[in-house]
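Examination of the molecular architecture
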Amino acid sequence: DLSDSLRVRLGEAGQADVRRCLLQILEGEPQHQVRRKVADCTQSLGNQIICLLSDQRPANADSWPELMPTLMRLVCDGSKDAGVRADCVWVMKEVACSVWQILVANGD
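Since we're looking at a predicted model, the values are computed, not measured.

Describing the pattern of salt bridges
Taken as a whole and assessed by the stated rule, the structure comprises 9 salt bridges. Taking the shortest distance from any N to any O, the salt bridge between Asp40 and Lys37 comes out at 3.2 Å. Of the two residues, Asp40 and Lys37 both sit in helix H2 (residues 32-49), 3 residues apart, roughly one turn of that helix. Overall, Asp40 belongs to the partly exposed group, its relative accessible area being 25%. Glu94 is the partner of Lys93 in a salt bridge, and the nearest nitrogen-oxygen pair spans 2.5 Å. For Glu94, a relative accessible area of 25% gives the class partly exposed.

Some details on the confidence of the model for the chain
Do not read the predicted coordinates in detail wherever pLDDT is low. Scored by pLDDT, the chain has a mean of 92; 94% of the residues are at 70 or more. Here helix H1 (residues 6-28) is the element of the chain with the lowest mean pLDDT, 90, and H2 is the one with the highest, 97.

Conventions and cut-offs
- Sequence positions are assigned chain by chain, starting from 1 and proceeding in written order.
- It should be noted that, the model being predicted, local features are given only for residues of pLDDT at least 70 and side-chain atom pairs only at 80 or more, the latter also being counted only at that level, while totals for whole chains, interfaces and linings use all residues.
- No hydrogens and no water enter the side-chain calculation; it runs on all heavy atoms of the structure.
- Note on definitions: salt bridges are taken to be side-chain nitrogens of Lys or Arg within 4 Å of carboxyl oxygens of Asp or Glu.
- We count a stretch as a helix when DSSP gives it H or I for four or more residues in a row; a strand needs E for two or more, and each element gets its number in order from the N terminus.
- Exposed residues in this analysis have more than 50% of their type's maximum accessible area, buried residues have under 20%, and partly exposed residues fall in between, with area computed by a 1.4 Å probe over protein chains only.
- Known as pLDDT, the predictor's confidence for each residue is given on a scale from 0 to 100.

This is how it looks when you write it as structure tokens:
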């Protein structure tokens, strides 16, 4: 029953906190194994909540507006640990099927 899911019970504020915390931990976690699991949780949540129609070309995902800008910022930041950047690239690869419309829209 979806009405009893943890995500629904958290409410919008709780859901926003989870999304924010995942991105913060992904950026700052020094332990590779922990960061990789956070990356897995990030891609899984992104694939669950981002739902775009094939004819849409939005600049961002309304359901998680911080995701793509944060991933792009971290991937492009040469001062960040290579492991952080690699895990962010992995997340982008894993969510590409859900966000390809955003990538196309921003590629112009």
